[in-house]
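# A look at the structure
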Amino acid sequence: MTKADIVEDIAQRTGLTKKEVAETVDLFLDKIGDLLVDGKHLEIRGFGTFKVKERKERMARNPRTGDSVPVPSRKVPVFKVSKMLKDKVAGD
Amino acid sequence: MTKAELVDLITGDTGLNRRDTVTVVNLIMENIGNALASGDKVELRGFGSFKVKSRRSRLARNPRTGDAVDVPAKRVPYFKASNELKDRLNGHD
């Protein structure tokens with residue numbers, strides 16, 4: 001399923017135009033990105049929580065040369081699935 | 001931040017009123033949930049993808065009693081962030 005499929009379904013079910021729905025979906029996703037960049041998290045009840053985790057700097061190896069190279073600390077977006085969604089997917 | 005606060009942020013930037021925005025946002029989650037429940041994956045370009053992994057059944061232990069308990073096979077949803085989103089978080093656009 002892609003964004004286009006979701007937009008299509010929502011437009012059909014609400015009577016809103018595809019353009020209106022697509023704009024809202026895009027803005028929704030963009031804003032989640034903005035929040036995470038600002039270090040905030042977003043909790044969506046019944047779905048899950050988007051947040052940012054910090055990965056510490058670590059040493060890794062170049063597999064070709066065997067040299068140690070430092071991997072700098074970085075931020076990664078994570079999504080914690082709500083219990084409700086887990087149960088739904090597990091088929092309970 | 002909650003869903004309601006996010007809806008407030010995007011209402012006004014779209015042509016839709018708050019009520020319609022809430023409806024659209026709720027239907028996004030519903031679509032993703034239904035797709036995952038039927039084993040489908042959802043790809044949102046520039047954002048990330050939602051997929052389902054299968055976990056095999058395994059024997060685990062009740063940490064309190066030490067009894068072996070059978071954990072049945074199940075499907076678990078997960079999110080993989082796009083490279084764009086990861087790059088944005090680290091300051092390279």
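Our structure's up above, just so we're on the same page.
This section reports on the structure supplied with the text.

What counts as what
Residues numbered from 1 in each chain as written. Chains lettered and ligands numbered in written order. Predicted model: local features only at pLDDT ≥ 70, side-chain atom pairs only at ≥ 80, totals over all residues. Heavy atoms only, no water. Helix = DSSP H or I, 4+ residues; strand = E, 2+ residues; numbered from the N terminus. Rg over C-alpha atoms; globule rule 2.2 N^0.38 Å. Contact = heavy atoms within 4.5 Å. Areas by Shrake-Rupley, 256 points an atom, 1.4 Å probe, with all protein chains shown as cover. Lys, Arg positive; Asp, Glu negative; His and termini not counted. Charge placed at Lys NZ, Arg CZ, Asp CG, Glu CD. Patch = residues over 30% accessible without salt bridge, like charges linked within 9 Å, V, L, I, M, F, W, Y side chains within 5 Å. Salt bridge = Lys/Arg side-chain N within 4 Å of Asp/Glu carboxyl O. Pairing = 2+ DSSP bridges. Axes fitted to C-alpha atoms, helices over the stretch in contact; angles between N-to-C directions. Core = buried A, V, L, I, M, F, W, Y, C linked by side-chain atoms within 4.5 Å. Buried < 20%, exposed > 50% of the residue type's maximum accessible area, 1.4 Å probe, protein only. Phe/Tyr/Trp six-rings, centres within 6.5 Å; stacked < 30°, edge-to-face > 60°.

## Focus: the overall build of chain A
- In terms of regular secondary structure, chain A is built from three helices and five strands.
- Taken from N to C terminus, the helices and strands of chain A fall in the order α-α-β-β-β-β-β-α.
- Since a compact globule built from 92 residues should have a radius of gyration of about 12 Å, the 19 Å found for chain A marks it as more spread out than a globular shape.
- With the C-alpha coordinates aligned to their principal axes, the bounding extent of chain A is approximately 60 × 35 × 30 Å.
- Residue pairs at least 24 apart in sequence account for 30% of intrachain contacts in chain A once pairs closer than 6 positions are excluded.
- Accessible area of chain A: about 5,800 Å², with a carbon and sulfur share of 49%.
- On chain A, the mean spot of the 20 positive side-chain charges and the mean spot of the 15 negative ones are 7 Å from each other.

## Observations regarding a positive patch on the surface
- A surface patch of positive charge is lined by Lys51, Lys53, Arg55, Arg58, Arg74, Lys80 and Lys86 of chain A together with Lys53, Arg55, Arg58 and Lys74 of chain B.
- Listed by contribution, the elements that provide at least two residues to the positive patch are strand 2 (48-55) and strand 5 (74-81) of chain A together with strand 2 (48-55) of chain B.
- Tallying contributions element by element places strand 2 of chain A first for the positive patch, with three residues.
- With respect to the secondary-structure elements, lysine 53 of chain A resides in strand 2.

## A word on the sheet that holds strand 2 of chain B
Residues and elements named next belong to chain B.
- Strand order in the open sheet formed by three strands is 1-2-5, and the pairing between neighbours is antiparallel. Sheet topology places strand 1 (42-44) and strand 5 (74-81) at the edges, where each strand pairs with a single neighbour. Taking the axes of each pair of neighbouring strands and ignoring which way they run, one obtains an average angle of 25° across the sheet.
- Alignment of strand 1 against strand 2, held across three bridges, turns out to be antiparallel. The residue bridging glutamate 43 from the neighbouring strand is serine 49, located in strand 2.
- This element, helix 2 (residues 18-37), spans strand 1, strand 2 and strand 5 of the sheet and lies at about 30° to strand 2.

## Side note on the nonpolar core
- Core analysis: the largest hydrophobic core is formed by 41 residues, its most contacted members being Phe28, Phe47 and Phe50 of chain A together with Ile32 and Phe50 of chain B.
- The contacts of phenylalanine 28 of chain A, once residues within four sequence positions are left out, are Ile44 of chain A together with Leu6, Ile10, Val25, Ile28 and Met29 of chain B.

## Considerations on the environment of lysine 53 of chain A
All names here are of chain A.
- Residue class for lysine 53 comes out partly exposed when judged on its relative accessible area of 45%.
- As a C-alpha pair, lysine 53 and arginine 13 span 40 residues in sequence and 36 Å in three-dimensional space.
- Apart from residues no more than four positions distant in its own chain, lysine 53 is found in contact with Arg74, Lys75, Val76 and Val78.

## Comments concerning the pairing of strand 4 (residues 68-71) of chain A
Residue and element names in this part refer to chain A.
- Relative to strand 4, strand 3 (residues 58-61) is paired through four bridges, and the arrangement is antiparallel. Considered in strand 4, the bridge of alanine 60 is made with valine 69.
- In this antiparallel pair of consecutive strands, strand 3 and strand 4, the connection spans six residues, and glycine 66 shows a positive phi of 80°.

## Quick look at the packing of aromatic side chains
- Overall, the coordinates contain 10 aromatic pairs over all chains when judged by the stated rule.
- Taken together, a centroid distance of 4.6 Å and an interplanar angle of 40° make the contact between phenylalanine 50 of chain A and phenylalanine 79 of chain A tilted. Taken together, the positions of phenylalanine 50 of chain A in strand 2 and phenylalanine 79 of chain A in strand 5 put the pair 29 residues apart, joining distant regions of the chain. Summarising the burial analysis for this pair, phenylalanine 50 of chain A and phenylalanine 79 of chain A share the class buried.
- Joined through ring pairs, the aromatic side chains of Phe47, Phe50 and Phe79 of chain A together with Phe47, Phe50 and Phe79 of chain B make up one cluster.

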